[in-house]
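Residue-level structural notes
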Amino acid sequence: MALGLIDRYRDRLSLEPGDPVVTLNEGSTPLIEAPRLSERIEARAYFKFEGLNPTGSFKDRGMTVAVSRAKGRGAEAIICASTGNTAASCAAYAARAGMRGAVIVPEGKIAIGKLAQALMHGARVVALQGNFDDALRIVRELSQKHPIELVNSVNPHRIEGQKTAAFEVVEDLGAAPGALAIPVGNAGNVTAYWRGFQEVDAAPILYGFQAEGAAPLVRGEPVANPETVASAIRIGNPARWEEAMAAFTASRGRVAAVSDEQILNAYRWLADNEGVFCEPASAASVAGLLAHGLPVVEGAARPETVVCVLTGHGLKDPDTALSKAPAVINCDNDLSAVERAVFD
Ligand code: F0G
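Computed from a predicted structure; not experimentally measured.

Thresholds applied
Residues numbered from 1 in each chain as written. Predicted model: local features only at pLDDT ≥ 70, side-chain atom pairs only at ≥ 80, totals over all residues. Heavy atoms only, no water. Buried < 20%, exposed > 50% of the residue type's maximum accessible area, 1.4 Å probe, protein only. Helix = DSSP H or I, 4+ residues; strand = E, 2+ residues; numbered from the N terminus. Pairing = 2+ DSSP bridges. Domains from an automatic or database assignment. Buried area = accessible area lost by both parts, 1.4 Å probe. Salt bridge = Lys/Arg side-chain N within 4 Å of Asp/Glu carboxyl O. Contact = heavy atoms within 4.5 Å. Core = buried A, V, L, I, M, F, W, Y, C linked by side-chain atoms within 4.5 Å. Near = heavy atom within 4 Å. Polar contact = N/O pair within 3.5 Å; in protein donor to acceptor, adjacent residues only side chain to side chain. Areas by Shrake-Rupley, 256 points an atom, 1.4 Å probe, with all protein chains shown as cover. Arc of directions from axis to C-beta.

A short note on the pairing of strand E7 (residues 179–183)
Counting buried residues along E7, five of its five residues qualify, which places the element largely inside the surrounding structure. Here E7 shows no split at all, with Ala179, Ala181 and Pro183 on one side and Leu180 and Ile182 on the other all buried. In terms of strand pairing, E7 meets strand E8 (residues 205–211) through five bridges, oriented parallel. Across the sheet, proline 183 pairs through a bridge with phenylalanine 209, a residue of E8. Here three bridges tie E7 to strand E10 (residues 305–310), and the two strands are oriented parallel to one another. In the sheet register, leucine 180 faces E10, and the bridge partner there is valine 307.

Some thoughts on the domain arrangement of the chain
On domain assignment, one finds that the chain holds domain 1 (5–57 + 161–323) and domain 2 (59–156). Placing the centre of domain 1 and that of domain 2 at their C-alpha centroids yields a distance of 21 Å. Of the roughly 3,100 Å² buried at the junction of domain 1 and domain 2 (both faces included), carbon and sulfur atoms supply 51%. Here domain 1 is connected to domain 2 by four salt bridges.

Topic: the side chain of threonine 86
Take threonine 86: it is sitting in helix H4 (residues 85–97). The contact partners of threonine 86, leaving out residues within four places of it in the chain, are Lys59, Met63, Cys80, Ala81, Val151, Asn152 and Arg158.

Notes on the nonpolar core
With 37 residues, the main nonpolar core has Leu37, Phe47, Tyr207, Leu270, Val286, Leu289 and Leu310 as its most contacted residues. When sequence neighbours within four positions are dropped, the list of residues in contact with leucine 289 reads Ile41, Ala181, Tyr207, Phe209, Leu294, Val306 and Cys308. By size, the runner-up hydrophobic cluster in this structure holds 24 residues, among which are Leu180, Tyr193, Trp194 and Val255.

So, the site of the ligand
Neighbouring residues of the ligand: 21 residues in total, closest Ser82, Thr83, Asn186, Ala187 and Thr311. Asparagine 189 places a polar main-chain atom, nitrogen or oxygen, 2.8 Å from an oxygen atom of the ligand. Here the ligand, which alone exposes 480 Å², has 99% of that area covered by the protein. Two domains each donate at least three residues to the shell around the ligand, and these are domain 1 (5–57 + 161–323) and domain 2 (59–156).

Brief notes about the pattern of salt bridges
Evaluation of the coordinates by the stated rule reveals 16 salt bridges. Glutamate 168 is paired through a salt bridge with arginine 8; the nearest N and O atoms lie 2.9 Å apart. Highlighted residues: glutamate 168 in helix H8 (residues 164–173) and arginine 8 in helix H1 (residues 5–9), separated in sequence by 160 residues. Residue class for arginine 8 comes out partly exposed when judged on its relative accessible area of 30%. One salt bridge connects aspartate 19 with arginine 69, and the closest N-O pair in it is separated by 2.6 Å. In this pair, aspartate 19 is assigned in the loop between H1 and strand E1 (31–33) and arginine 69 in helix H3 (residues 59–72), connecting sequence segments 50 residues apart. Side by side, aspartate 19 and arginine 69 carry an identical accessibility label, which is buried. Taken together, the shared-partner salt bridges connect Arg8, Lys48, Glu50, Arg61, Glu168 and Glu171 into one network.

Topic: helix H5 (residues 112–120)
Among the residues of H5, Gly113, Lys114, Gln117 and Ala118 are the ones counted as buried. All buried residues of H5 fall inside an arc of 130 degrees around its axis, so they share one side. The secondary structure elements touched by the buried residues of H5 are H4, strand E4 (100–106), strand E5 (124–128) and helix H14 (318–324). Backbone geometry just after H5 places glycine 122 at a positive phi near 85 degrees.

Structure (structure tokens):
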């Protein structure tokens, strides 16, 4: 049976000896070869498909550690701000731990799959008339005032859990990849990967990608009203800004922007050509490689292997998928009509 990541890596995580293990057997996600992408970028490409975590995103890696620590400290409730995935993960792990969960999401901006999960897991779901950055500011204040544990990636235990994805990449490849491509929102995940790689003496080039309308790290200043179809990374003022920029610099990598059109094209192309259905924000990692190639700093070698982190599952947001996919073919209840519909 696949163990959860605390059972696999506890000695390298931040838990206290007496902490309970709140787990849904997260982690151990597949590293999938990407033959078509490899052809296009002229390097050996792999997907780290984080959409196959228990609630459908990489957030579960951080949540198992953050919630286990919170439970160990005697917390009875957890809270987060979220564009969707953190909400679903927080709600599921709260249910698992027997704790109360509350999630604050931007009103009207949360994908239907994530809303269904958060509500089914019994979290209190609050739709804020504001964006993610507003929601994060408010939950930070609330967690100072009330005995409720904040489980956004400003919580150090989230980063600890998420760094295990880097361990797995190196274990599965048997070596460090030459580069890692990753979407960047609040910048917790890229921070976590870099920490994980460093802990196993690996230093792949990090390529971070933001959406053009929500690219504060690329512009070098916060974006007041971030806008992009990739709702997960619709963030204007990343909490882990400095750490992420330090990681790009130390890895000799960089952060760049991709347009919504490039994101949506990569999103469909991946589903259609590689058989992997991720959410639009996740496809930003692939869109970025297709748009920008594999830039290398002077004196460094061009990477031979590239891992693209596909951070979340496409079923999060069936509305976006259906608006981009071909139409369903309606058909009479009749053999020849079905023949025409299938073969014409
Ligand atoms: N990809 C997906 C699918 C995400 O859900 C997120 C963040 C990111 C990438 C960016 O990761 O913030 O660590 O740089 N989602 C958060 C949420 C904001 O609320 O679920 P990051």
